[in-house]
Every structure is written in structure tokens, then in C-alpha cells.
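Coordinates in review
Chain by chain, the residues run as shown.
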Amino acid sequence: MSEMDLELAAAFIEEATQLLEESEQCFLNLESMPDDPGIIEKIFRLAHNLKGSSKAVGFDSVGAFAHEFESLLLKVKNKELAVSPPIVTLLLKCNDHITQMFDALKTDYGAQFQSEELISEIHQAMSGIIQVVDTESEAKLDAFDAENAAFATTPDPSQFENASQDLTPETNVAPEPATAEQMAEETGKHLQQTNSPPSGQKRGPNPEESIRVNLSRLETLLNFVGEMVILQSVLTEQAQSSASALLKKTVHQLGKVTKEVQDISMGLRMVPIKPTFQKMQRIVRDTAQVLNKKVTLELHGDDTEVDKTVLEHLGDPLVHMVRNSVDHGIETPEKRLAAGKPEMGTVHLKAGHQGGKLILEISDDGAGIDPDVLTQKAIEKGILAKGTKLSREAALHLIFHPGFSTKAVVTEVSGRGVGMDVVKTNIEGLQGQIELESELGKGTRLRIILPLTLAIIDGMVVSAENQRFVLPLSHVHESVIPTKKDIHESAGLGEVLLLRGETLPLFRMSTLVSKKPKPKPPWEMTAIVIRTTAKPFAILVDDIIGQQQIVIKKLGQELSQLKEFIGSAILGDGKPALIVELSECVNRIGVSAQPSRKNVSQKPPQRSAA
Amino acid sequence: MSTIDNNRFLCFNLGVEEYAIPLLTVREVIAMPEVTPVPNTPAHFLGIMNLRGQVISIMDMRQKFGIKPSVNAETSVIICEFHPVCIGVVVDSINSVINPKPNEVAETPVVNSQIKMDFITGVFQKEAGLVIFLNIAKVLNVEDYQALNEQTAKAA
């Protein structure tokens, strides 16, 4: 393959993956609305696009399978095959197979595939109605092939246009007048290598035109934008002392433009949550089928945009939560009918923005969680001591405990007790929070509150030993200036902060920073209360300098062993400051009570300069 | 082109001693910036700096070698790049770029010493004295960092 071919192939694979996600969604809709001709039209178009373009870039084995797939779809479309669950399952299977093929192609463009088994299954399904197939539809198929051949070998847009226009009258793919355009649009959107403008507008520029950019290039851009913002603020400061009004005005305008550039470039990382949500449809369907339950998933706000990195880490937690809703939340149809609920259970998946945060909500109208049962289970498992009484909220949060499961048997779907633990860890890793509400008999609602982006966090800048550090604001619960009587010191416990009747271990940031911190009475310092760790604690800093949004910069590999710093931030004056991971920090402070320091390498050999 | 580049070295002073590193590992040379110290690191690890938006670690070679820094205003930082690690090295002064012929570089004289000498690749005689060629990646333990990262990546 030439370099250009390789590029084409890579672009095609990327597009095809999106295409497949879309088609999966269509299949699932098909089951619930078998009479909707629009859906099958759409699937057919997608399969058709896939076939044509996979042949065009030389993936013949994919093309061959897509052809069989398309034949099957045609029968469904022409109502020669009824849309029954087995057919939908077969269609999904085909979809999976194609997905697998693309996964393999991603690593090896020359990969070959065994599709015979599935093809014979398709043939069997089709032969069930073989007598209905008349010559006319065979002819249609042939016509398709002819078109596809043209389609596949035409890089020239005008030819493609002709092809897609010809397609309409001859083969009846598109009874509605708009469909030829739609198809061209779909194709234009998904198959960039054909470079075709929508046929309707005769090669006008595509309004949805887009390019793909490598994420690392984007990050470099963001880096420089961040630097520009800092320089801008330095410049503003310097311009203040200047006498030139023109300079001040120009700097002010530059400030506006800089802000604009920053906003736009930060937005570049944002992608819609839709594809991730759509995957959940499949999970709900499969899980419900295994468990013989009837469940629909309703998606709300799937156009919400999320930082790409956040989205990558959201996939797994969402799968676990959706599965849990279907498995633990929704009851069997019999139970639901007995409880006077509709037979079909509903799971809602919502996404939205609220006050600079991303809110995800998963709710079901299932059985709800009984806190008493959870407490009892936890006692049985030895997680809680016998006779422990928990508040309702604390009891509900038991589901996040590692190894906790109310299921007696480990099934294919759940019961290992890993799921919700994973959810919690992932969400907290993203600096997010989970809220859980449940009403017995009515249902359960999980709310996940996440920062919109991981690249920027709200930070609190503090000082200790004349150095500045950044604490993620999401970890800071409150800050207090302790009075003398709030502090207790004893040889055994060290310093303890009394806060509204609560005793909190008190650490000093300065012990982390230097070996010989200056002794300073705590009542001249500020205590910051942290409650995100397993046990709450307070940490003493010299002063709070301020709060600001900061762009996280990774530390070099040479510092990766320093777990107590998750990164660095460049502050307003251009100097970097370390971002502190407080729980690790406290571990370190605990350790540093002993004089030995792990990180110090052997003393360098002493030599005197000659 | 590449043969010429491979044979060019950047000479710098640590105290009164002269050292050289391959020019290809040098990304740029900057004046001594403001440095934020990082707790719990060895003494020669000065801290981190902001290089046009990139946060880079700075090491002091003089401390690493136990050489008394000379007091002058020429102190510079050589930014060395070993993909993906990027480290700044503090030196007393930058001297010149030399292009020695292969036969001009002598092997490391064998010294009976307890100090590991494997980071010295050779010596070059100049009118003024000896120039010691360093394998800067070895001096900075870059391989260690890379290995460390691979391990943590595997564990994760």
C-alpha cells in the first residue's frame, strides 16, 4: 500500500467505527419499532456505505461480508423477512463481526477473516423465505453491485454524484425525494475519502466540514495558549504602570482576544457524549435478555459535550451502573405486574451541564435499595461489626464497598461485588462525586457530578515555608484559623484539631516541604480540612494565597516516583508550583517522622575542585 | 550531514573543569531561570521550571559531581532531550561547539577509583587542557526513569 492508501485506510477505519456505532443504535431501535421504515432505510444506507468504501480502500474481505449483510438487510427492508428477535440478534451479530474485523484491521491492514459461518447463517435466515424472493429483487441486488462497483472505484466526486442519483430511480432505495441527498450527506460525513459534496448543492462547501487532529497536537496548542494567557496577564500588569493610553488600550483588546482564544481552544477537547450513551443501549438490551427482564433505556441530553479524557474514563463506570440498574434495580416482569407497575421497566440516562460541572444521572423505576438489607449483608460478610447501626445514607453507600454484593450467586451479569467499587474509584479519579438516592419500591437514582475537563481544575494556592503549593479545590472541605484552645498536643497523637466537637488529626505542610521546618504555633496558621480521604484530617499551611483555575502540567518521568504530587501548575507570575495529592502527602508525612528518606540517592562522591 | 552532527559536541564548564556532551542531545541553552524546589528529591535535583509552558526538571551537575560551583554570572541551563524525557542541566558556563576527528578522542584513562566511570565516553586534548566527554543520559540516569515508568505502566 502506498502512503496515501494507508492514510485512506486509517481514515476509513475511524469513520467505519463511528458508522458501526450508529448502526448498532439503529438495530436496537428496530426491535422496539419494527414498523418504522425510516430505521431500516438508515441501516441499509450505512451498510451500503460500508460495503462500497471498504472495497474502495482494498478491504475486500470486509466488503464481501458487508455484501451478504446488505442482502439480508434488503430482505428485511422489503418486508420479505419479519423483524423478529432472532433476526435482530443475527443482525447485531453481523454488526459485532464487522466491528471485530475493524478492530483487527486497526492493527493489521492485511488481516483476513473467516466469515463463512455467519454468512451461512445469513443464508439460512434468508432461505426461510426463499420462495418469496422474486427475480425483481435479485435484479435489484445486481443493480446495487453495479452501482457499488462504480461507487467503489470512483474517487471523482462528480461520478459519485451520478452514481448516487442513478441509484434512486433504479433501485428504489430511496422512495422519499430527500433520501438521495441524505445518503450523499451521510456518505460525505462518514467517508471523507470520497470527498463528495452533498449532491443537492452541487459541490457547495459542506457546512459540517471537519478535520481530524491528533490529540497530542491539540495538547501542545493548549500548552501554548496557557502560556499566552500568562504572558498576557504579565503584560497587563506592566501596561498599568505605563503612561501610554494607546498601549493600555491595545493590551486591553489583546486581553479580550486572548480570553476568546483560550475559550475556543479549551472547547476543542470537548466531544459529545452520544456515542458512549448509545453503547449503553446494547448493554441494557443484552443484560435484560439474559435476565429475562423487559427494560427500555431512555437517553436524555446526549448532545452534552464532555472532555475527551473524562469521557474515556466514563465508559466503564457507566457500563457497571447501567448493568446494575437492570440487574438489581428493575424487577422481573411478574414482580412488576404484581406491584402494579408496567411490565416494561425503564432506565433513564441523563447528561447535562450545571454550574460548570457535568452531571450524569442514572435512574430506574425498579425495586429500590433496602438499607436494612444492605446493613445485614455487610454484617454477614464481616464488613461491619455486629449490631452496627448506620444512617440511611451510610447504609446505601455500602454498595460502593469493595467486595460487597447482595447477590447470592455470581452470575454472568453481576454479583462479584467489583462493579460499584470500580465506579467509585473511577469517578473519584476524575475528581468527581457520586450521590445515591433510593426509595424502596420506587427506584434508585445515581447522580455523578464531574468537572467538565480534567485539563483545568479549580485550585487553592497555599504557602508553606515560603513555597507555593496548589491543592485541588474539590478536596478542600473548609479552612479554619484555629484558636489556641482548638489545638491539643500529646506525645502519642501529635497535634489534634478540635472542630465543632470532632477531633481531626492535624498535619503540617511544612514537614512535607522541608526537613527542618520553622516551628510556628498552629494558631498563627490556617488549617485546611480534607474529607475526601478515608479518614478526615486537617493540614496546616502558612497562608492561603488564593483560588484560581489552573491548567495541569504533567511532571517529567524523572519525578514519577513522587506520588504526593500529581502535577504542576504555572501560576500567574510564570513560576511553576506543585499540585499536592493530599492523601499521599499524609502517608509521606507519617513516614517522614523517621529520619530516613527513601528518595535520596547515595551521596555524590565528594571531590574538591582542582 | 548526520556524520558531522554526530561528531559535534557542546563544551561547558563545571567549576574549572571542561566537559562536553553530544550536540544532538541538546535542545537549547537558556539562562538560569527561577526554579521551584521539589521536596523529597536528592540535593542535586534543583526543582522544576517553566520553559514556555512546559514544566521541566532541573538538575545541578556540579552538585551531582561534587564540584564547587564557580561564582560568575554565566550560569546556564542546557535543556537536554531524550524522548520522552526532557531535563535541564545547570552548568557554570557554555564554551564552544567542537568537532573532533575520531582519532583525536582518546579512551578514558583507567583510574583506580570506586566511583563508577561508565558515564565518561572519552577525553579530548585541547590546548588549554582535557575535555571530558559525557554520556549525559547515563549521568542523569535517564534509563532508570524510563525503566521505572515501564514498570509502573505494567503494574497499572
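In case you missed it, the structure is sitting above this.
Figured I'd write up the structure that's included with this text. Keep in mind it's a predicted model, so treat the numbers as computed, not measured.

Our focus in this paragraph is the overall build of chain A. Of regular secondary structure, chain A possesses 18 helices and 18 strands. Taking all 610 residues of chain A together, the buried fraction comes to 34%. Within chain A, contacts between residues at least 6 apart in sequence are counted, and of these 64% link residues at least 24 apart.

A word on the overall build of chain B. In terms of helices and strands, chain B carries four helices and 11 strands. Here chain B holds 156 residues, and the buried ones make up 31% of them. Across chain B, every contact between residues at least 6 apart in sequence was considered, and the portion connecting residues at least 24 apart equals 50%.

Residue and element names in this part refer to chain A. Ranked by internal contacts, the top residues of the largest apolar core, which has 76 residues, are Val470 and Ile539. The contact partners of Val470, leaving out residues within four places of it in the chain, are Gly459, Val461, Ile550, Ala569, Ala577, Leu578, Ile579 and Val580. Grouped together as the second largest cluster of nonpolar side chains are 37 residues, Val310, Val423, Ile427 and Ile448 included.

All right, on to the packing of helix α3 (residues 60-77) of chain A against helix α5 (residues 116-127) of chain A then. Residues and elements named next belong to chain A. Two elements in contact, α3 and α5, have axes whose closest approach is 10 Å; the angle formed by their N-to-C orientations is 20°. In terms of orientation, α3 lies roughly parallel with respect to α5. Where α3 crosses over α5, the handedness of that crossing is left-handed. For the pair α3 and α5, contact is made by Phe65, Glu68, Ser71, Leu72 and Lys75 and by Ile119, Ile122, Ala125 and Met126, respectively. Among the residues forming the contact of α3 with α5, the class breakdown is six nonpolar, one polar and two charged.

Time to look at unusual backbone geometry. Residues and elements named next belong to chain A. Positioned with a positive phi, Asn292 is a non-glycine residue whose angle comes to about 55°. Among the residues examined, Asn292 registers 9 C-beta atoms within 10 Å and is labelled exposed. The backbone of Glu465 sits at a positive phi, close to 55°, despite the residue not being glycine. One can find Glu465 in the loop between β8 (456-464) and β9 (467-472).

On to the sheet that holds strand β4 (residues 45-51) of chain B. All names here are of chain B. Taken in spatial order, the five strands line up as β3-β6-β7-β5-β4 in an open sheet, and their pairing is mixed. The sheet is open, and its two edges are formed by β3 (26-31) and β4, each paired on a single side. Taking the axes of each pair of neighbouring strands and ignoring which way they run, one obtains an average angle of 30° across the sheet. With five bridges connecting them, β3 and strand β6 (residues 76-82) associate as antiparallel partners. Looking at the pairing, Val26 lines up with Cys80 of β6.

Turning our attention to the sheet that holds strand β13 (residues 502-508) of chain A. Residues and elements named next belong to chain A. Spatially, the six strands line up as an open sheet ordered β10-β14-β15-β13-β12-β11, and their pairing is mixed. Either end of the sheet is taken by a strand with one partner, and the two such strands are β10 (476-480) and β11 (487-490). The mean angle between the axes of side-by-side strands here comes to 35°, regardless of whether they run parallel or antiparallel. Taken together, the four bridges between strand β12 (residues 494-499) and β13 define a ladder with antiparallel strand orientation. Note on β13: the bridge partner recorded for Leu497 is Leu504.

This brings us to the environment of Met59 of chain B. Residue and element names in this part refer to chain B. Within the secondary structure, Met59 sits in strand β5 (residues 54-60). For Met59, a count of 23 C-beta atoms within 10 Å translates into the label buried. Along the sequence, Met59 and Val91 sit 32 residues apart, while their C-alpha atoms lie 9.4 Å from each other. Sequence-distant contacts of Met59, defined by excluding residues within four places in its chain, comprise His44, Phe45, Leu46, Lys64, Ile87, Val89, Val90 and Leu140.

It is worth spelling out the pairing of strand β2 (residues 17-22) of chain B at this point. In this sheet, β2 of chain B lies alongside strand β1 (residues 9-14) of chain B in antiparallel orientation, the contact comprising six bridges. Residue Phe9 of chain B lies in a different strand from β2 of chain B, and its bridge partner there is Pro22 of chain B.

All names here are of chain A. Counted residue by residue, strand β15 (residues 537-541) has five buried out of five residues, so it is predominantly covered. Burial along β15 is two-sided: the residues Phe537, Ile539 and Val541 and Ala538 and Leu540 are all buried. Relative to β15, β13 runs parallel, the two sharing three bridges. Looking at β15, one finds that Phe507 is bridged to Ile539. Of the strand pairs in this sheet, strand β14 (residues 526-530) and β15 are connected by five bridges, and their pairing is antiparallel. Among the inter-strand pairings, Ala527 is bridged to a residue of β15, identified as Leu540.

Thresholds, definitions, all that
- Residues numbered from 1 in each chain as written.
- Chains lettered and ligands numbered in written order.
- Predicted model: local features only at pLDDT ≥ 70, side-chain atom pairs only at ≥ 80, totals over all residues.
- Helix = DSSP H or I, 4+ residues; strand = E, 2+ residues; numbered from the N terminus.
- Buried ≥ 20, exposed ≤ 12 C-beta atoms within 10 Å, placed from the backbone.
- Contact = placed C-beta atoms within 7 Å.
- Core = buried A, V, L, I, M, F, W, Y, C linked by C-beta atoms within 7 Å.
- Axes fitted to C-alpha atoms, helices over the stretch in contact; angles between N-to-C directions.
- Parallel < 35°, antiparallel > 145°, perpendicular 65-115°, else oblique.
- Left-handed = near helix turned anticlockwise from the far one by under 90°.
- Nonpolar A, V, L, I, M, F, W, Y, C, P; charged D, E, K, R; others polar.
- Pairing = 2+ DSSP bridges.

Bear in mind that shape data such as this cannot, by itself, settle questions of function.
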